[in-house]
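Each chain, letter by letter, is given below.
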Amino acid sequence: MSSLPRIIRFKVEFKTLNMLQVGRGFSEAYSSVDNPQLTYRYIMDSGTVIRVPVIPASTLKGVLRVIATRIAPYLYPGQRICATIQLEDYEEGECCNPAKGSVCPVCRVFGTRDLPGKISVSDAIPKDPVKLSRMIEECIYTHIRLSRYTQTVVRGALWTKQYIPLYTPFEFKLEYRLCGDPGTEDKDLTLVIRSLRMLPYERLGRAGLVQLTKVEVTPSLNALPCNKLPNAVSEIEKLLGEVRSRE
Ligand SMILES: [Zn+2]
């Protein structure tokens, strides 16, 4: 009667605990000027288009993957786990290549070349985009770079950086697709949830720390088949408990 759901969806809310800066590259105006920008999306608010900073899905998924790589050896003892997904690793055969055979648990869940993986992550969007789009204009800091030799400001090395302010609430969605046997799904889903539980201990972007403030799971915890996914369901229970205890 309690069959495996096809997809489990998580809606995750968090707030920033310091001035968050998720860069998206470098200014090309001056090679000596380091000017990482925030990533923006355009949204419609009561008929007006506003520009709001977001935390890109690729940043969130990347951080979760880094965490997963560290905890996977404990969940899958004896199995090979690849550490990175750099192009040169494929060429040297150090990273999973689905065309050549088996895929490690982290690549199976997070994806690798020619393999989409089991999870999808959305951008993290601010809960109050209008307020943030106004506040962000005041979150500009001017930086200079001092010369190591003369201790004076390097010519042209004066630039501004913009930050997402403290305690800004965001939300993102994470979907997990169940497509294998229950034993594998139980472990793989556990890997994802445990990585999510570790997210507050990892840095997003340059120095950003976040605190999870609310997690909603669909189907609800009671509707999940604990006989088929015992470890994953208990991991979800822990995640929800941790978030509730911080309210
Ligand atoms: Zn791999």
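Residues numbered from 1 in each chain as written. Predicted model: local features only at pLDDT ≥ 70, side-chain atom pairs only at ≥ 80, totals over all residues.

## Focus: the overall build of the chain
Secondary structure assignment for the chain yields six helices and nine strands. By residue count, 29% of the 247 residues in the chain fall in the buried class. Long-range pairs, those at least 24 residues apart, make up 70% of the contacts in the chain with a sequence separation of at least 6. (Helix = DSSP H or I, 4+ residues; strand = E, 2+ residues; numbered from the N terminus. Buried ≥ 20, exposed ≤ 12 C-beta atoms within 10 Å, placed from the backbone. Contact = placed C-beta atoms within 7 Å.)

## Section: the packing of helix α1 (residues 57-75) against helix α5 (residues 182-198)
Where α1 meets α5, the axes come as close as 9 Å, and the angle between the chain directions of the two elements is 125°. As far as their axial angle goes, α5 and α1 are oblique. For α1 against α5, the interelement crossing comes out right-handed. Of the residues in α5, those in contact with L64, I67, A68, I71, A72 and L75 of α1 are K187, T190, L191, R194, S195, L196 and M198. Among the residues making up the contact of α1 with α5, the classes are represented as nine nonpolar, two polar and two charged. (Axes fitted to C-alpha atoms, helices over the stretch in contact; angles between N-to-C directions. Parallel < 35°, antiparallel > 145°, perpendicular 65-115°, else oblique. Left-handed = near helix turned anticlockwise from the far one by under 90°. Nonpolar A, V, L, I, M, F, W, Y, C, P; charged D, E, K, R; others polar.)

## Brief notes about the nonpolar core
A68, V109, I119, Y176, V192 and I193 are the most contacted members of the largest nonpolar core, which has 48 residues in total. Of all the elements, α1 adds the most residues to this core, at six residues. Each residue touching Y176, except ones within four places of it in the same chain, is listed here: I7, I8, K118, I119, L189 and V192. (Core = buried A, V, L, I, M, F, W, Y, C linked by C-beta atoms within 7 Å.)

## Things to note about the confidence of the model for the chain
With 84% of its residues at a pLDDT of 70 or more, the chain shows a mean pLDDT of 83. The secondary structure element of the chain with the lowest average pLDDT is helix α2 (residues 87-91), at 54, and the one with the highest is strand β8 (residues 169-177), at 97. A low-confidence stretch, residues 25-35 stays under pLDDT 50, and its non-local contacts, those more than four residues away or across chains, total 16 contacts. (pLDDT = per-residue confidence, 0-100.)

## A word on helix α6 (residues 230-245)
The end-to-end C-alpha separation of α6 is 23 Å, in line with the 22 Å expected for 16 residues at 1.5 Å each. Of the positions making up α6, those classed as buried are A232, V233, E235, I236, L239 and V243. The buried residues of α6 occupy an angular sector of 160° when the element is viewed end-on, so they sit on one face. Residues of α6 that are exposed and point more than 90 degrees away from the buried face comprise G241, R244 and S245. In this structure, the buried side of α6 is in contact with α5 and β9 (210-218). (Expected span 1.5 Å × (residues − 1). Arc of directions from axis to C-beta.)

## Observations concerning α1
For α1, with 19 residues, the first-to-last C-alpha span of 25 Å sits near the 27 Å given by 1.5 Å per residue. Among the residues of α1, T59, L60, V63, L64, R65, I67, A68, T69 and A72 are the ones counted as buried. On its buried face, α1 sits against α3 (105-110), β4 (119-121), β8 and α5.

## Focus: the environment of D45
When you line up the elements, D45 lands in strand β2 (residues 39-45). Considering only alpha carbons, one finds D45 and P129, 84 residues apart in sequence, at a separation of 8.7 Å. Beyond its immediate stretch of four places on either side in the chain, D45 contacts I50, P129 and V130.

## Considering the environment of P219
Note that P219 resides in the loop between β9 and α6. According to the C-beta neighbour criterion, P219 is exposed, with 12 such atoms within 10 Å. Between the C-alpha atoms of P219 and I7, which are 212 residues apart in sequence, the distance is 8.6 Å. Setting aside chain neighbours within four positions, we find P219 in contact with P5 and L224.

## Overview of the environment of I164
Along the chain, the position of I164 falls in the loop between β7 (153-162) and β8. When the C-alpha atoms of I164 and G208 are compared, they prove to be 9.4 Å apart, with 44 residues separating the residues in sequence. For I164, the residues in contact, after removing those within four places along its chain, are T16, M19, L20, L38 and P53.

## Describing unusual backbone geometry
A cis geometry characterises the amide bond from T218 onward to P219, with omega recorded as -5°. A positive phi angle, near 35°, is found at S46, a position not held by glycine. By secondary structure assignment, the location of S46 is in the loop between β2 and β3 (48-54). By C-beta crowding, S46 is classed as exposed, having 6 other C-beta atoms within 10 Å. The phi dihedral of Y167 is positive, around 60°, even though this residue is not glycine. Mapped onto the fold, Y167 is located in the loop between β7 and β8. We classify Y167 as exposed; it has 9 C-beta atoms within 10 Å.

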